[in-house]
Amino acid sequence: MRRALTAAAAATLLFTAAGGAAAAPAARHVPAAPSAAATSRAPLPAPHHGRLWPLAALSAERLATGDQVAAAKWGTGSPIDDPVRERQVLDAVAEQARQLGADPGATVRVFRDQIEASKSVQRGLHRRWAADPAQAPTVRPDLNEVRNEIDRINTALVRALAVSPQARSAPSCRPLLAVAAARVRHERHLDALHTVALARSLRSVCATPA
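Residues numbered from 1 in each chain as written. Predicted model: local features only at pLDDT ≥ 70, side-chain atom pairs only at ≥ 80, totals over all residues. Heavy atoms only, no water.

If you tally the helices and strands in the protein chain, you get 9 helices and 0 strands. Residue burial in the protein chain is summarised as follows: out of 210 residues, 46% are buried. Sequence-distant contacts in the protein chain: of pairs separated by 6 or more residues, those separated by 24 or more amount to 89%. Summed over all atoms, the accessible surface of the protein chain reaches about 10600 Å², with 57% contributed by carbon and sulfur. (Helix = DSSP H or I, 4+ residues; strand = E, 2+ residues; numbered from the N terminus. Buried < 20%, exposed > 50% of the residue type's maximum accessible area, 1.4 Å probe, protein only. Contact = heavy atoms within 4.5 Å. Areas by Shrake-Rupley, 256 points an atom, 1.4 Å probe, with all protein chains shown as cover.)

With that settled, the discussion passes to the environment of isoleucine 80. Take isoleucine 80: it is sitting in the loop between α3 (53-73) and α4 (83-99). Leaving out residues up to four positions away in the same chain, isoleucine 80 has contacts with Lys73, Lys119, Gln122, Arg123 and His126.

Relative to the 28 Å expected for 20 residues at 1.5 Å per residue, helix α6 (residues 143-162) spans 28 Å between its end C-alpha atoms, a close match to the ideal helical length. Residues of α6 that are buried: Val146, Glu149, Ile150, Ile153, Asn154, Leu157, Val158, Ala160 and Leu161. For α6, the capping residue at the N-terminal end is aspartate 142, with a side-chain oxygen 2.8 Å from the backbone nitrogen of asparagine 144. (Expected span 1.5 Å × (residues − 1). Polar contact = N/O pair within 3.5 Å; in protein donor to acceptor, adjacent residues only side chain to side chain.)

Any region with low pLDDT has predicted coordinates that should not be read closely. Of all residues in the protein chain, 75% attain a pLDDT of 70 or more, and the chain-wide mean is 83. When the criterion is pLDDT under 50, residues 1-13 qualifies, and its contacts beyond four places in sequence or with other chains add up to 13 contacts. Below a pLDDT of 50 lies the segment residues 15-48, which in the model reaches 59 contacts outside its immediate sequence neighbourhood of four places, other chains included. (pLDDT = per-residue confidence, 0-100.)

The next point concerns the packing of α3 against helix α9 (residues 192-201). Close contact between α3 and α9 brings their axes to 10 Å; oriented N to C, the two are set at 125°. Our classification of the angle between α3 and α9 gives oblique. In the crossing of α3 with α9, the sense of the turn from one axis to the other is right-handed. Across from Ala56, Ser59, Ala60, Leu63 and Asp67 in α3, the residues of α9 making contact are His194, Ala197, Leu198 and Ser201. For the contact of α3 with α9, the per-class residue count stands at 5 nonpolar, 3 polar and 1 charged. (Axes fitted to C-alpha atoms, helices over the stretch in contact; angles between N-to-C directions. Parallel < 35°, antiparallel > 145°, perpendicular 65-115°, else oblique. Left-handed = near helix turned anticlockwise from the far one by under 90°. Nonpolar A, V, L, I, M, F, W, Y, C, P; charged D, E, K, R; others polar.)

Most often, soluble globular proteins have nonpolar side chains that are buried together. Judged by nonpolar contacts, the single largest core of 43 residues is most densely connected at Leu55, Phe111, Leu198 and Leu202. Taken together, the elements giving at least two residues each to this core come down to α3, α4, α5 (104-131), α6, α8 (173-188) and α9. Counting residues per element, this core draws most heavily on α3, which supplies 9 residues. In this structure, leucine 55 is in contact with Leu157, Ala160, Leu161, Ser164, Arg168, Leu202 and Val205, ignoring residues within four places of it in sequence. (Core = buried A, V, L, I, M, F, W, Y, C linked by side-chain atoms within 4.5 Å.)

Counting through the fold element by element, glutamate 86 comes out in helix α4. In this structure glutamate 86 comes out as buried when scored by relative accessible area, which is 18%. It is 9.4 Å that separates the C-alpha atoms of glutamate 86 and phenylalanine 111, two residues lying 25 residues apart in sequence. The residues contacting glutamate 86, other than those within four sequence positions of it, are Asp81, Ile115 and Lys119. Within the structure, glutamate 86 has its side chain in polar contact with the side chain of lysine 119 (distance 3.1 Å).

Here we come to the pattern of salt bridges. Evaluated as defined, the whole model comprises 13 salt bridges. Taking the shortest distance from any N to any O, the salt bridge between aspartate 81 and arginine 123 comes out at 3.0 Å. Within this pair, whereas aspartate 81 is found in the loop between α3 and α4, its partner arginine 123 is found in helix α5, the two being separated by 42 residues in sequence. In this structure aspartate 81 comes out as partly exposed when scored by relative accessible area, which is 37%. Note on arginine 123: relative accessible area 31%, which makes it partly exposed. Here glutamate 95 ties to arginine 98 by a salt bridge, and the two come within 3.3 Å at their closest N and O atoms. (Salt bridge = Lys/Arg side-chain N within 4 Å of Asp/Glu carboxyl O.)

So, in structure tokens, the structure goes:
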């Protein structure tokens, strides 16, 4: 009972924060894309988060690369929407899921959300930088290097999805995923923009109805 109450409270906290964050001013937040070494130092998931914690952690890690994509495209005229790249990503993760014996359709649904969440971060940052050029990046990351990092995270996320079908189909998935996401949000000190995007990126993780 205590665990259920804790999970419910965490779910309320995460999605209330995400819902209110859309209108809140975003704090200055342009982190570098996390490295594999940084990820390896991340705290181990608590037992009650089980296999859902890596999904929240990897989603937040992937969102951080959206900052770098935004910086790489800033001032170049390159559109945020890139249908060719998006199709390449979706085809790749579907094939990886098949090789792992996972559901390609479910995997693609999750990654569509991941892509939309990343684009929401990029648009939010471009709006912020246009409004306050002093916050705009002064160094342009190499987009190919950033995409290599995204591909690495994508592979890890596909694997995390492949080993978690029972957790994702359980009735407790949504509240426990919210617990994990709230913890990740706290550990990464996510601002309003990234909190909303994290909730967006996790929308299709659970197989249970919203």
